[in-house]
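Residue-level structure breakdown
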Amino acid sequence: MRLAMIGLGKMGYNMTLRLLGGGHEVVAVDQNADVARDVAKQGAIFAGGVAEAIAQLQPPRVAWVMVPAQVTEAVVGQVSDRLSKGDVLIDGGNSNWKDSRARAETLAKKGVYFCDAGTSGGVWGLKNGYCLMVGGATEAVAICQPIFRTLAPEGGYAHVGQPGAGHYVKMVHNGIEYGLMQAYAEGFEIMKTSPFQLDLHKIASIWGRGSVVRSWLLELLEAALADDADLKAIRGWVEDSGEGRWTVQASIDQSVPAPVITLSLQTRFRSRQDESYGAKILAALRNQFGGHAVKKA
């Protein structure tokens, strides 16, 4: 089937290539027209803007928005203005599920369907496929199912609920990811500081083969350690893209204890501090009540 892919970043570009490989026709558009021209050389249909892209579709028109969360609202607005009753707008980015549900309600007033497709797979998705957690009306998901089945590996796609459910499930998915990554980070640091000269790359390798802690994340860690066992080229500064915060907020709103995910998010905040003011407070207090020595700046 034919669809428009609006946003050709690291995810959108590779998703376009996977769709082309699956026999779909993709009208490609990006704010950087050179990127759209580049993917057009590989079989996509070039569009110089949103209006041009939508004009090249046939009803029911399907437009997939794959842009950063901070510009999603503006792009969804541009696309929805050009869609009509029965068309489908898919948001595959990392939007807040509450925003997705509100967008679905707004679009429904003009008869346009909205699907939120939580998408996981990163830069490896082109080769391995993308795990897709899709929220939306049953009718809309049915229209887009050929797209979802091409993007996902066997068994890697599901319609998880009504609009908003896809991004909600993806939010929790990323919160769990935070906790898993933090556990690996702590365990490997303990081994790094052990009294033994441990080969951490070798350990990551064997843990990935039969161990109960094996995972794709561990495979990626093995690859990272193969190139730089001491990670000398990497600064321990860790960003968070929003989903971890939203997961923690959901745990608060729903009165569900989530200490591991919460602490993994807090650890990311700490990683960005060159010098912790809170730690200085602790040192000062120990000095005041117990006369404990402090290290001078």
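Residues numbered from 1 in each chain as written. Predicted model: local features only at pLDDT ≥ 70, side-chain atom pairs only at ≥ 80, totals over all residues. Heavy atoms only, no water.

Helix and strand counts for the chain come out as 13 helices and 8 strands. Principal axes of the C-alpha set define a box for the chain whose edges measure 75 × 40 × 35 Å. Carbon and sulfur atoms form 56% of the exposed surface of the chain, whose accessible area is close to 16,300 Å². (Helix = DSSP H or I, 4+ residues; strand = E, 2+ residues; numbered from the N terminus. Areas by Shrake-Rupley, 256 points an atom, 1.4 Å probe, with all protein chains shown as cover.)

In this section: the layout of surface pockets. Each pocket or cavity is described by its volume, and for the second largest pocket that value is around 200 Å³. The wall of the second largest pocket is formed by Glu 275, Ala 279, Lys 280, Ala 283, Ala 284, Val 294, Lys 295, Lys 296 and Ala 297. In terms of residue class, the lining of the second largest pocket is built from 5 nonpolar, no polar and 4 charged. (1 Å grid on protein atoms, 1.4 Å probe; cavity = no way out; pocket = protein on both sides within 12 Å on 5 of 7 lines; lining within 4 Å. Points joined across faces, edges and corners; volume = space filled by probe spheres on them. Nonpolar A, V, L, I, M, F, W, Y, C, P; charged D, E, K, R; others polar.)

Core analysis: the largest hydrophobic core is formed by 32 residues, its most contacted members being Trp 64, Ile 90, Leu 132 and Phe 148. With residues up to four places along the chain from it excluded, the contact list for Ile 90 reads Val 62, Ala 63, Trp 64, Val 65, Cys 115, Ala 117, Cys 144 and Phe 148. Ranked by size, the runner-up nonpolar core spans 21 residues in total, among them Ile 6, Val 27, Ala 47 and Leu 83. (Core = buried A, V, L, I, M, F, W, Y, C linked by side-chain atoms within 4.5 Å. Buried < 20%, exposed > 50% of the residue type's maximum accessible area, 1.4 Å probe, protein only. Contact = heavy atoms within 4.5 Å.)

Taken across its 5 residues, strand E2 (residues 25–29) has 4 buried, putting it largely inside the fold. Sheet topology note: the strand E1 (residues 2–6)/E2 ladder contains 5 bridges and is parallel. Of the residues in E2, the one forming a bridge with Arg 2 is Glu 25. Viewed along the sheet, the connection from E1 through helix H1 (residues 10–21) into E2 turns out right-handed. Since E2 and strand E3 (residues 45–46) lie parallel, the crossover through helix H2 (residues 33–40) that links them has a hand, and here it is right-handed. (Pairing = 2+ DSSP bridges. Right-handed = clockwise from strand over helix to strand, strands pointing away.)

What follows is about unusual backbone geometry. Cis geometry marks the peptide bond from Pro 59 to Pro 60, where omega comes out at -10 degrees. You can see Pro 60 is positioned in the loop between helix H3 (50–55) and strand E4 (62–65). For Ser 255, which is not glycine, the phi dihedral falls at a positive 55 degrees. Along the polypeptide, Ser 255 turns up in the loop between helix H11 (243–253) and helix H12 (259–271).

A few words on the pattern of salt bridges. Under the criterion given, the structure shown has 12 salt bridges. The salt bridge partner of Asp 34 is Arg 37, with a shortest N-O separation of 3.2 Å. With a gap of 3 residues between them, Asp 34 and Arg 37 both fall in helix H2, about one helical turn apart. Residue class for Asp 34 comes out exposed when judged on its relative accessible area of 53%. Taking relative accessible area as the criterion, Arg 37 reaches 43% and is therefore assigned partly exposed. When the shortest N-O distance is used, the salt bridge between Arg 272 and Asp 240 registers 2.5 Å. Of this pair, Arg 272 sits in the loop between H12 and helix H13 (277–290) while Asp 240 is found in the loop between helix H10 (216–227) and H11, placing the two residues 32 residues apart along the sequence. (Salt bridge = Lys/Arg side-chain N within 4 Å of Asp/Glu carboxyl O.)

For any pair of aromatic rings, the description rests on two quantities: the centre-to-centre distance and the angle between the ring planes. Here the structure, examined in full by the defined rule, presents 4 aromatic pairs. Considering the side-chain rings of Phe 188 and Trp 207, the 5.5 Å spacing of their centres and the 75 degrees angle between planes classify their relative orientation as edge-to-face. Pair noted here: Phe 188 is in helix H8 (residues 165–192) and Trp 207 is in helix H9 (residues 200–207), with a separation of 19 residues, a long-range link. Of the aromatic side chains, those joined through ring pairs into one cluster are Trp 64, Phe 148 and Tyr 157. The ring of Tyr 178 carries the charged tip of Arg 268 above its face, separated from the ring centre by 3.6 Å. In this arrangement the basic side chain of Arg 272 is found over the ring face of Trp 237, its NZ or CZ atom lying 5.6 Å from the centre. (Phe/Tyr/Trp six-rings, centres within 6.5 Å; stacked < 30°, edge-to-face > 60°. Lys NZ or Arg CZ within 6 Å of the ring centre and 35° of its normal.)

The end-to-end C-alpha distance of helix H4 (residues 69–80), which contains 12 residues, comes to 17 Å, matching closely the 16 Å that a straight helix rising 1.5 Å per residue would cover. Restricting attention to buried positions, one finds in H4 the residues Thr 72, Val 75, Val 76, Val 79 and Ser 80. Down the axis of H4, the buried side of the element spans an arc of 125 degrees, and every buried residue falls inside it. Pointing more than 90 degrees away from the buried face of H4 are the exposed residues Gln 70 and Glu 73. Elements that come into contact with the buried residues of H4 comprise E1, H3, E4, strand E5 (88–91) and helix H5 (97–108). (Expected span 1.5 Å × (residues − 1). Arc of directions from axis to C-beta.)

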